[in-house]
Amino acid sequence: MKKIALALAGIALASSSFAEGFKLSGFLRAGWSNTIDALDTDADGKGDTAEASTVKWLAGDYFGGNTRSRLNLGWSNADDTAGAFVRLQYTGAAESWNIAAVKYANVYFKGFDGKVIMAAGKVQDNYIGSDGYEGFSFLDGNSGFFAGVAPVDGLVIGGGAVVDYLDDVTVGDKKSHRASKNAAYAGAKYANDQFSVAAAYEFAGALYGNVNVTAVKDLLIALEASYASDDALDALSDGDDGFLYDAQLTFVEQVEYTGIENLTLGLASYQFLNDRDIDNTGKKDNLVVTINPAVRYDINELFAASLEGTVTISNWDEKELGDVNKTFATIVPAFYFKPAQGAEAHVFASISTDKDQAKHQVGTGLKFNF
């Protein structure tokens, strides 16, 4: 009996020690949307039915997004010199909820009073990644490692390797990756209360830079740029690495002001410059621009409203692309109900000037943060 009591006491002590450094957080947001434009399901030139989907939580590029569930599990010791972080995430990419992904699963160490940093696994890039609107990073969400130094407060310099960028190779019945310079990257970031600046280079031939300015109270100005050579695009671009539109050169700007009570004013813009045939017309494409102004007003503790629009402009060959227009816009009004702390429900509409590229739709969504 005494041994059992001692064992239970040991378990309780260990559980207490673990709980002290354990953090659980996340959110779940889900929605339903219906297109207003009917789909021609039997190709007879007539609309037969509207399209229903649970993929979209809220339309719009600034405030909106897809259905998503996120569970963050973190643990660190008392002085945060060692820890682990796991994020489980479903991104709304499928109609079924039985698909979940490990977004992050990494362990980290900080030695010599935080001057030496190491991280490995499926890494969350808290070190040299961009803090801008797009958040460029060669490491974030990929499998690899990071090693760096923090010689002064706010500065991190380091690099590592990412296995995701390597070519697969099969030797006999064993699958592996072919080692090459494509795995290696290096970069640095400095941040204080007034601004942050980051830059990194991937040895396949890609780089990014970012400057955030927060010196003026309630005002954020964020600038980002990325470049990727043809070899780098072939090696790195899988639709989830920040190289949007397969662009060789991308610029991203964001301005957000929250200095007026209950009001958020935002503006985001992308410019994609290419020397590649991204629309499969046999011709090189040069420019795509998106401009996304947005405003949200929290009327009181229970209700809020938002309005945003996105204008997309390109110099694609309209004759080659048929009915696809060079320029189109979407406008998204939404109304919100906030029944409790961390909880929000909304209804929205999305109105498009070109239903071939973006259909009119209406929808509703719910979100809860914990």
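Because the structure is a prediction, the values reported are computed rather than measured.

Novice: Honestly, the environment of L71 in this entry has me stumped. Any pointers?
Specialist: As for its position among the elements, L71 is in strand β5 (residues 68-76). Taking the C-alpha atoms as reference points, L71 and L24, separated by 47 residues in sequence, lie 7.4 Å from one another. Those residues in contact with L71 that sit more than four places away from it in its chain are L24, S25, V86, R87, L88 and F370.

Novice: Before we go on, may I ask you to explain the pattern of salt bridges in this structure?
Specialist: For side chains bearing opposite charge, pairing can occur when the charged atoms are close. Per the counting criterion, the structure on display carries five salt bridges. Here K189 ties to D131 by a salt bridge, and the two come within 3.2 Å at their closest N and O atoms. With a gap of 58 residues between them, K189 in strand β13 (residues 184-191) and D131 in the loop between β8 (116-123) and β9 (142-149) connect regions that are remote in the sequence. Given a relative accessible area of 38%, D131 falls into the partly exposed group. In this structure, R296 and E344 form a salt bridge, with 2.9 Å as the shortest nitrogen-oxygen distance. Placement of R296 in strand β19 (residues 285-298) and of E344 in strand β22 (residues 343-352) is noted, with a sequence separation of 48 residues between them.

Novice: I keep staring at unusual backbone geometry and nothing clicks. Help me out?
Specialist: Leaving glycine aside, a negative phi is the common case for residues, and trans is the common case for peptide bonds. Even without being glycine, D218 reaches a positive phi, approximately 70°. Along the chain, D218 falls in the loop between β15 (206-213) and β16 (219-228). The backbone of N262 sits at a positive phi, close to 70°, despite the residue not being glycine. Considering the arrangement of structural elements, one finds N262 in the loop between β17 (249-257) and β18 (263-276).

Novice: Would you mind showing me how to read the packing of aromatic side chains here?
Specialist: For any pair of aromatic rings, the description rests on two quantities: the centre-to-centre distance and the angle between the ring planes. Enumeration over the complete set of coordinates arrives at twelve aromatic pairs. Relative to F63, the ring of Y62 lies with its centre 5.2 Å away and its plane at 75°, an arrangement referred to as edge-to-face. Neither residue differs from the other here; Y62 and F63 are each classed as buried. Relative to F146, the ring of Y127 has its centre 4.8 Å away and its plane inclined at 5°; by these criteria the two rings are stacked. Within this pair, whereas Y127 is found in the loop between β8 and β9, its partner F146 is found in strand β9, the two being separated by 19 residues in sequence. By relative accessible area, Y127 is classed as buried at 8%. Judged by relative accessible area, which is 0%, F146 ranks as buried. Lying across the ring of Y336, R296 places its NZ or CZ 4.3 Å from the centre. Cation over ring: K367 sits above F27, and NZ or CZ is 4.9 Å from the ring centre.

The rules behind each value
Residues numbered from 1 in each chain as written. Predicted model: local features only at pLDDT ≥ 70, side-chain atom pairs only at ≥ 80, totals over all residues. Heavy atoms only, no water. Helix = DSSP H or I, 4+ residues; strand = E, 2+ residues; numbered from the N terminus. Contact = heavy atoms within 4.5 Å. Salt bridge = Lys/Arg side-chain N within 4 Å of Asp/Glu carboxyl O. Buried < 20%, exposed > 50% of the residue type's maximum accessible area, 1.4 Å probe, protein only. Phe/Tyr/Trp six-rings, centres within 6.5 Å; stacked < 30°, edge-to-face > 60°. Lys NZ or Arg CZ within 6 Å of the ring centre and 35° of its normal.

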